[in-house]
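Report on the structure
The residues making up each chain are set out below.
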Amino acid sequence: MVRRIVIIGANASGIEAASAVRKRDRTAEITLITKEKTAGYSRCGLPFVISGTIPLFKDLIVYPPAYFQMLKLNLRTQTIASIINTKEKTVTIQTPEGAEEIISYDSLVIATGAEPVVPPIKGVEKQGILSLRSIEDGEKIEANIKAGAKSAIIMGAGLIGLEVGVALIERGLQVTVVEMQPQILPQMLDNDMAEHVKSHLEQHGMKILLNRMVEEILGGDKASAVRAGGEILTADIVINAFGVRANTKLALDSGIPLGETQAIKTNAYMETDFEEVYAVGDCAETAHAISCRPICPKLGTVAVRQGKVAGANVGGDNVRFLGALVSTITRLFDVEVGATGISETEAKKNGNEIVVGVVNSKSKADYYPSAKPIRVKLIVEKKTDRLIGAQIVGGEEVTQRINALSFAIQKKMTIRELAKADTAYAPQMCEIWDPMVLAAERVLMKLR
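Residues numbered from 1 in each chain as written. Predicted model: local features only at pLDDT ≥ 70, side-chain atom pairs only at ≥ 80, totals over all residues. Heavy atoms only, no water.

1. Some remarks on the overall build of the protein
Basically, it comes down to this: A helix here means a DSSP run of H or I that spans at least four residues, while a strand means a run of E at least two residues long, and both kinds are numbered starting from the N terminus. In this setup the radius of gyration rests on C-alpha atoms only. A globule is expected at 2.2 Å times the number of residues raised to 0.38. Residue burial is assigned from relative accessible area. The probe radius is 1.4 Å, only protein chains are included, and a residue is buried under 20% of its type maximum, exposed over 50%, and partly exposed in between. Per-residue accessibility takes into account occlusion by the displayed protein chains alone, with areas from the Shrake-Rupley method and a 1.4 Å probe.
Tallying secondary structure elements over the protein gives 12 helices and 25 strands in all. Relative to its length of 448 residues, the protein is compact, with a C-alpha radius of gyration of 23 Å against a globular reference of 22 Å. Expressed as lengths along the three principal axes of its C-alpha atoms, the size of the protein is roughly 65 × 55 × 40 Å. Across the 448 residues in the protein, those meeting the buried criterion constitute 53%. Of the roughly 20900 Å² of accessible surface on the protein, 51% is carried by carbon and sulfur atoms.

2. Remarks on the layout of surface pockets
How we decide: Cavities and pockets are defined on a 1 Å grid built over the protein atoms alone: a cavity is a set of grid points where a 1.4 Å probe fits but cannot escape, while a pocket is an open set with protein on both sides within 12 Å along at least five of seven lines, and lining residues are those with an atom within 4 Å of any such point. Grid points are joined across faces, edges and corners, and a volume is the space filled by probe spheres set on the points.
The computed volume of the second largest pocket comes to approximately 270 Å³. Lining the second largest pocket are 15 residues; nearest its centre among them are His200, Val335, Pro373, Val393 and Gly394. Those elements giving two or more residues to the lining of the second largest pocket turn out to be helix H6 (191-203), strand S23 (354-362), strand S24 (373-381) and strand S25 (387-394). The element contributing the most residues to the lining of the second largest pocket is H6, with 4 residues.

3. Some thoughts on the pattern of salt bridges
Operational definition: Salt-bridge detection follows one rule: a side-chain nitrogen of Lys or Arg within 4 Å of a carboxyl oxygen of Asp or Glu.
Going through the model one piece at a time under the given rule, you end up with 24 salt bridges. Between Glu276 and Arg3 there is a salt bridge, and its shortest N-O distance comes to 3.9 Å. Placement of the pair is Glu276 in the loop between helix H7 (249-253) and strand S18 (277-279) and Arg3 in the segment before strand S1 (4-8), with a sequence separation of 273 residues.

4. Concerning the packing of helix H1 (residues 12-24) against helix H8 (residues 300-314)
This is how the line gets drawn: Fitted lines through C-alpha atoms give the axes, limited to the stretch in contact for helices. The angle between two N-to-C directions lies from 0 to 180 degrees. Here is the rule for handedness: rotate from the far helix to the near one, and if that takes an anticlockwise turn smaller than a right angle the crossing is left-handed, while a clockwise turn gives right-handed. When checking whether two residues touch, look at their non-hydrogen atoms; a contact exists if any pair is within 4.5 Å. Each residue gets one label: Ala, Val, Leu, Ile, Met, Phe, Trp, Tyr, Cys and Pro are nonpolar, Asp, Glu, Lys and Arg are charged, and the others, such as Gly, are polar.
Packing of H1 against H8 leaves a shortest axis separation of 7 Å and a crossing angle of 35°. Crossing of H1 against H8: the hand is right-handed. For the pair H1 and H8, contact is made by Ala12, Ser13, Glu16, Ala17, Ala20, Val21 and Arg24 and by Ala303, Val304, Gly307, Lys308, Gly311, Ala312 and Val314, respectively. Broken down by class, the residue content of the contact of H1 with H8 amounts to 8 nonpolar, 3 polar and 3 charged.

5. Describing helix H10 (residues 398-410)
Rules: Multiplying 1.5 Å by the helix residue count minus one yields the expected span of that helix. Arc definition: directions from the helix axis to the C-beta atoms.
An ideal rise of 1.5 Å per residue puts 18 Å on 13 residues; H10 measures up with 18 Å between its terminal C-alpha atoms. Of the positions making up H10, those classed as buried are Val398, Arg401, Ile402, Leu405, Ser406, Ala408 and Ile409. Here the buried residues of H10 occupy an arc of 160° about the axis, which is enough to place them on one side. Of the exposed residues in H10, those oriented more than 90 degrees away from the buried face are Gln400 and Phe407. Lining the buried residues of H10 we find strand S21 (328-332), strand S22 (335-341), S24, S25, helix H11 (415-419) and helix H12 (435-447).

6. Some details on a nonpolar patch on the surface
Our working definition: Patch membership needs two things, relative accessible area over 30% and no salt bridge, and members are linked within 9 Å if like-charged or within 5 Å if nonpolar (Val, Leu, Ile, Met, Phe, Trp, Tyr).
Judged by side-chain polarity, Tyr367, Tyr368, Tyr425, Ile432 and Trp433 come together as a nonpolar surface patch covering roughly 590 Å² of accessible area. By the element assignment, Trp433 lies in the loop between H11 and H12.

7. Topic: the nonpolar core
Spelled out, the test is: The nonpolar core is taken to be a set of buried Ala, Val, Leu, Ile, Met, Phe, Trp, Tyr and Cys residues, with the residues joined through side-chain atoms within 4.5 Å.
Ile84, Val91, Leu108 and Ile110 are the most contacted members of the largest nonpolar core, which has 47 residues in total. Among all residues touching Leu108, those that are not within four sequence positions of it are Val6, Ile8, Ile84, Val91, Glu276, Val277 and Tyr278. One finds Ile145, Val166, Ala194 and Leu210 within the second-largest nonpolar core, a separate group that totals 44 residues.

8. Quick notes on the sheet that holds S25
In plain terms, the rule: By definition, two strands form a pair when at least two bridges between them are found by DSSP.
Spatially, S21-S22-S25-S24-S23 is the arrangement adopted by the 5 strands of the open sheet, whose pairing is antiparallel. With one partner strand each, in any of the chains shown, S21 and S23 form the two edges of the open sheet. Neighbouring strand axes in the sheet, compared pairwise and without regard to direction, differ in orientation by 10° on average. In terms of strand pairing, S23 meets S24 through 9 bridges, oriented antiparallel. Bridging from a neighbouring strand, Val358 pairs with Lys377 of S24. In the packing of H6 onto the sheet, contacts are made with S21, S22, S23, S24 and S25, and the angle to S24 comes to roughly 160°.

9. Thoughts on the side chain of Asn247
Mapped onto the elements of the fold, Asn247 is located in the loop between strand S17 (244-246) and H7. For Asn247, a relative accessible area of 16% corresponds to the buried category. If near-sequence neighbours (up to four positions away) are discounted, Asn247 is found in contact with Lys35, Thr112, Gly113, Ala114, Glu115 and Cys283.

10. Regarding the environment of Glu139
Of note, Glu139 is situated in helix H4 (residues 135-146). Measuring from C-alpha to C-alpha, the distance between Glu139 and Arg245 comes to 22 Å, with 106 residues separating the pair along the chain.

11. Section: the pairing of strand S11 (residues 174-178)
Remember that side chains alternate between the two faces of the sheet whenever the strand is regular. Put simply, the rule is: Orienting the strands away from the viewer, one traces the path from the first strand over the helix to the second; a clockwise path indicates a right-handed crossover.
Of all 5 residues that make up S11, 4 are buried, and the element is covered over most of its length. Note: strand S10 (residues 151-155) against S11, 5 bridges, orientation parallel. Bridging from a neighbouring strand, Met155 pairs with Val178 of S11. Between the parallel pair S10 and S11, the chain is carried across by helix H5 (residues 159-170), and the sense of this crossover is right-handed. As paired elements, S11 and strand S12 (residues 207-209) share 3 bridges and run parallel to each other. Bridge assignment links Val178 to a residue of S12, and that residue is Leu209. The parallel pair S11 and S12, bridged by H6, forms a crossover whose chirality is right-handed.

Written out as structure tokens, the structure reads:
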């Protein structure tokens, strides 16, 4: 009998799940449901279309219609899943024409993603408050720029807020970022590392106001200013970058439990509490690979890995998702920022006794003309000497160092082993002592 697989969500995790099922079951009837017009595109690339680095939003489409046809996936766009009946194993959908339809399933994967946080601020209902979560959102921002916008206020100094801010400055706009926390990138970096990034952004013209809570959004019908810390800031564009939260309304309304993070509760197989119902991606709770605490990382890398695990299990395998290190990387103007594992702030909050090593070095031999500054921070668990976290801010070569340190954490490498790492050297490419090794030696000095 042909198995019926329904996947709600047709981006990173949903499509990866569908592909994994198809690799294991050539006859399954696989239906993907998305409320968006476009499926299978990279949300992470949206700021780079706004900056002009990528010419068109359609260039972000990773999976064209031919891909769905090739794998015989039934893609339903502009379709809303409104009810999940876990007893009858059905999903009620609203078609683009407004008709109601009921689809039966043998296995269900929920990949509803995340949605922008809308805090209870006075004036938040005004028109013209933009966010950046979809192609349609990006098109609205682009339309404002083309209409002559000269300035923007970005509410929130997280990863997306800063990437959008950089993009707008590159398009010639004046940008002010308002953040209620005492630092930028509070979910990614410790304050000492974040200060270096903040200084770099300010050198490129970004105005950053910390410890400022947005109290009210001002304007007529359309937002044109915010009141933050008692000061009124005006702009042509107001962008909500407060962050995103797991989109769990459908699951919650259907009786599917949420976890501690208010994302959908899952186990290591990406299963929910209901048989043959899985959840993946930005809507799903998982475990941190080090602390084992529940987290909802909201990262594309985590989403595709979870989708692959869920799809494999739907297809008959018995695969586990081993947790997330929350490895993150970005580039803001000409500085690269990366982090993996647990931050110093989080480690102390969790009660870990740690030792920290920080080193300032160069990306190449110090005498080489194009050598750029690089700052490496390592977080080590004192009891075991194990590396549990790393952060890097530098002009180049940050990504692969963060990847290497991610591998070291996953393999439970001690700081003594890292300090003895056999690394390559060429003056035009790297220092004779890699900054990672120097940071490891800094930790060893403290341990001695």
